[in-house]
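Report on the structure
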Amino acid sequence: MNPHSAIDARSLEMDRLIARRLREDPAVLDKARSVLAKWTASCDDSVRPVLAEWRAILDGPLSGVLATLEGEDERSVRLRQSSPFCGILTPAERTAILMSHAHDQRAA
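For the structure given in this document, a descriptive report is provided here.

**Remarks on the side chain of Asp 15**
- Structurally, Asp 15 is set in helix α1 (residues 3-24).
- The exposure class of Asp 15 is buried, given its relative accessible area of 5%.
- Look past the residues within four positions of Asp 15 in its chain and what remains in contact with it is Leu 69, Arg 80 and Ser 83.

Written as structure tokens, this is what we have:
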């Protein structure tokens, strides 16, 4: 597995867990919107297009948010690199996922 594929697989697993959490508690979306607002207020102009893309997703239907979080298409993979859903998983959840993918990272 190449290094980017290993990182993408790990990020996908995290986002799928976030999607499950979002289904259980829609308030998770408010947390992502808050993060996005903070980033937008202080970001470089070069980052604004991807943040605007996330804004459109977060302002759209829940099904679109979930499709992005769980998607394996090129757009979802790209957006996952700047996901405003940071801080949703607990440190223990993140560590468990990181550890489960540690071998993939070393093999890459």
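On we go.
**Details of the side chain of His 101**
- Mapped onto the fold, His 101 is located in the loop between α6 (91-100) and α7 (102-107).
- Within the structure, His 101 has its side chain in polar contact with the side chain of Glu 13 (distance 2.4 Å).
- When residues no more than four places from it in sequence are discounted, the contact partners of His 101 are Ala 9, Arg 10 and Glu 13.

**Notes on helix α4 (residues 62-70)**
- Three or more residues of α4 are buried, namely Val 65, Leu 66, Thr 68 and Leu 69. The arc enclosing the buried residues of α4, seen along the axis, measures out at 160°, which places them on a common side.

**A short note on the nonpolar core**
- Formed by 22 residues in total, the largest nonpolar core has its most connected members in Leu 22, Trp 54, Leu 58, Val 65, Leu 69 and Phe 85.
- Where this core is concerned, the elements lending two or more residues are α1, α2 (28-42), α3 (48-59) and α4.
- If one sorts the elements of this core by residue count, α1 sits on top with five residues.
- Leu 22 has contacts with Val 28, Leu 29, Leu 62, Val 65, Leu 66 and Leu 69, leaving out every residue within four places of it along the chain.

**Here's the deal with the packing of aromatic side chains**
- Evaluated as defined, the whole model comprises one aromatic pair.
- With 6.0 Å between their ring centres and 65° between their planes, Trp 54 and Phe 85 make a pair best called edge-to-face. Of this pair, Trp 54 sits in helix α3 while Phe 85 sits in the loop between α5 (74-80) and α6, placing them 31 residues apart in sequence.
- On the basis of relative accessible area, Trp 54 is assigned to the buried category, the value being 1%.

Conventions we followed
Residues numbered from 1 in each chain as written. Predicted model: local features only at pLDDT ≥ 70, side-chain atom pairs only at ≥ 80, totals over all residues. Heavy atoms only, no water. Helix = DSSP H or I, 4+ residues; strand = E, 2+ residues; numbered from the N terminus. Buried < 20%, exposed > 50% of the residue type's maximum accessible area, 1.4 Å probe, protein only. Contact = heavy atoms within 4.5 Å. Polar contact = N/O pair within 3.5 Å; in protein donor to acceptor, adjacent residues only side chain to side chain. Arc of directions from axis to C-beta. Core = buried A, V, L, I, M, F, W, Y, C linked by side-chain atoms within 4.5 Å. Phe/Tyr/Trp six-rings, centres within 6.5 Å; stacked < 30°, edge-to-face > 60°.

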